[in-house]
Amino acid sequence: MKLYYAPGACSMAPHILLNELGKKFTIEKIDMGTKKTEGGKDFNKINAKSYVPTLEIKKDEVLTEVSTILQYLADKAKATKMLPKAGTMARYRAMETLNFIASELHKGMGGLFNKAMPEEGRKIIIERVSKRLDYVDGLLAKTKFIGGKTFGVSDAYAFTIMNWGGWVGIDIKKWKNIARFMEMMAARPSVQATMKAEGLLG
Ligand SMILES: N[C@@H](CCC(=O)N[C@@H](CS)C(=O)NCC(=O)O)C(=O)O
């Protein structure tokens, strides 16, 4: 199994989960400017959507979309503590959270990386994302992790996206429960290993 990634991008979420699961996997970096893999291949030929994360499951079979990859990995590993079994109400709650992270946080904050975004647009996005972060902060006031008492797949995703705060001009530390969550997550061995492998630590 190979994960195509870009350092610190949303591909960090499945990378963290792979480390949490103790799976055997390889990674290959994508240059987002040239769309070439580290090994010199044309990334557009690997994933026609031309974005990370892209999980190569086997020859000629790739899986895309963060939330889908996270669910695939946890289901395959039967990691029901990290993601409840399909068909249960708890699973729909986990999917609800994953979709919230994808559509509200990921796509919200992601727009702020666009250098062509006018200042007025930035302000509107930051205001909207801040409301979503208020909600996350409220959740984390009641639970240790996003989905409950123990680590779940949505924690890997939420950490990855909220970690962009410093890059896009949102001071995540303003939200005290989120700040506590980010510190706790950053100290996890899986997160440390992931960030080191992506070249994000010292
Ligand atoms: N809908 C996709 C979005 C993935 C995405 O936004 N990937 C970004 C990095 S976080 C990317 O590769 N952008 C490069 C591009 O679109 O050219 C998902 O949920 O996985």
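Look up a bit, the structure's there.
Caption draft 1: Spatial organisation of the overall build of the chain. The helix and strand tally for the chain stands at nine helices and five strands. Put simply, the chain runs from its N terminus to its C terminus through helices and strands in the order β-α-β-β-α-β-β-α-α-α-α-α-α-α. The C-alpha radius of gyration computed for the chain amounts to 17 Å, which stays within 12% of the reference 17 Å derived for 202 residues, consistent with globular compactness. Projecting the C-alpha coordinates of the chain onto the three principal axes gives extents of approximately 45 × 45 × 35 Å. Residue burial in the chain is summarised as follows: out of 202 residues, 47% are buried.

Caption draft 2: The site of the ligand, seen in detail. In the vicinity of the ligand lie 13 residues, with C10, K35, V52, E65 and K107 positioned nearest. Within the side chain of E65, an N or O atom sits 2.6 Å from a nitrogen atom of the ligand. Between the ligand and V66 there is a distance of 2.9 Å, counted from an oxygen atom to a backbone nitrogen or oxygen. In the complex, the protein chains occlude 74% of the 510 Å² of accessible area that the ligand would expose alone. Residue composition of the shell around the ligand, grouped by class: eight nonpolar, two polar and three charged. Built from parts of two domains, the shell around the ligand gets at least three residues from each of domain 1 (2-79 + 191-197) and domain 2 (89-188).

Caption draft 3: How the structure looks around the pairing of strand β1 (residues 2-5). With burial as the criterion, each face of β1 is covered, one bearing K2 and Y4 and the other bearing L3 and Y5. Sheet topology note: the β1/strand β2 (residues 26-31) ladder contains four bridges and is parallel. Directly across from Y4, in β2, lies its bridge partner E28. In this region the chain leaves β1, passes through helix α1 (residues 12-21) and returns to the parallel neighbour β2; the handedness of that crossover is right-handed. Pairing of β1 with strand β4 (residues 54-58) involves three bridges; the strand directions are antiparallel. Counterpart to L3 in the pairing with β4 is L55.

Caption draft 4: Representation of the packing of aromatic side chains within the structure. In the structure shown here, the tally under the stated rule is four aromatic pairs. Centre to centre, the rings of Y4 and F43 are 6.0 Å apart; their planes meet at 45°, and the pair counts as tilted. Here the residue Y4 occupies a position in strand β1, and F43 occupies one in helix α2 (residues 43-46), the gap between them amounting to 39 residues. For F43, a relative accessible area of 0% corresponds to the buried category. Aromatic pair F113 and W164: ring centres 5.1 Å apart, planes at 85°, arrangement edge-to-face. Taken as a pair, F113 in the loop between α4 (89-110) and α5 (119-142) and W164 in the loop between α6 (153-162) and α7 (165-168) lie far apart in primary sequence, 51 residues in all.

Caption draft 5: Highlighting a nonpolar patch on the surface. A cluster of nonpolar side chains, M89, Y92 and M95, forms an exposed patch at the surface whose accessible area comes to about 310 Å². Looking at the secondary structure, you find Y92 in helix α4.

Caption draft 6: How the structure looks around the nonpolar core. Counting residues in each nonpolar core, the largest one holds 52 residues, and the members touching the most others are L133, Y157, F159, M162, I170, I178 and F181. Those elements that provide at least two residues to this core are α1, α3 (66-76), α4, α5, α6, α8 (176-186) and α9 (189-197). Judged by nonpolar contacts, the second largest core, of seven residues, contains Y4, A9, I30 and I46.

Caption draft 7: Quick look at the pattern of salt bridges. According to the stated counting rule, one finds eleven salt bridges in the structure shown. Across the pair K2 and E28 runs a salt bridge, and its minimum N-O distance is 2.5 Å. Within this pair, whereas K2 is found in strand β1, its partner E28 is found in strand β2, the two being separated by 26 residues in sequence. Among the residues examined, K2 registers a relative accessible area of 17% and is labelled buried. Among the salt bridges present, the one from E65 reaches K49, with a minimum N-O distance of 2.9 Å.

Caption draft 8: Quick peek at unusual backbone geometry. Residue P53 is reached from V52 by a cis peptide bond, and omega for that bond is 0°. As for its placement among the helices and strands, P53 is situated in the loop between α2 and β4. The backbone of S50 shows a phi angle near 65°, a positive value even though the residue is not glycine. With respect to the helices, strands and loops of the structure, S50 is situated in the loop between α2 and β4. Notably, E65 is not glycine yet its phi reads approximately 80°, a positive angle. Positionally, E65 belongs in the loop between β5 (61-64) and α3. Classification of E65 by relative accessible area gives partly exposed; the value is 32%.

Each value, and the rule that gives it
Residues numbered from 1 in each chain as written. Predicted model: local features only at pLDDT ≥ 70, side-chain atom pairs only at ≥ 80, totals over all residues. Heavy atoms only, no water. Helix = DSSP H or I, 4+ residues; strand = E, 2+ residues; numbered from the N terminus. Rg over C-alpha atoms; globule rule 2.2 N^0.38 Å. Buried < 20%, exposed > 50% of the residue type's maximum accessible area, 1.4 Å probe, protein only. Near = heavy atom within 4 Å. Polar contact = N/O pair within 3.5 Å; in protein donor to acceptor, adjacent residues only side chain to side chain. Areas by Shrake-Rupley, 256 points an atom, 1.4 Å probe, with all protein chains shown as cover. Nonpolar A, V, L, I, M, F, W, Y, C, P; charged D, E, K, R; others polar. Domains from an automatic or database assignment. Pairing = 2+ DSSP bridges. Right-handed = clockwise from strand over helix to strand, strands pointing away. Phe/Tyr/Trp six-rings, centres within 6.5 Å; stacked < 30°, edge-to-face > 60°. Patch = residues over 30% accessible without salt bridge, like charges linked within 9 Å, V, L, I, M, F, W, Y side chains within 5 Å. Salt bridge = Lys/Arg side-chain N within 4 Å of Asp/Glu carboxyl O. Core = buried A, V, L, I, M, F, W, Y, C linked by side-chain atoms within 4.5 Å.

Purely spatial values, then, with no claim about function.
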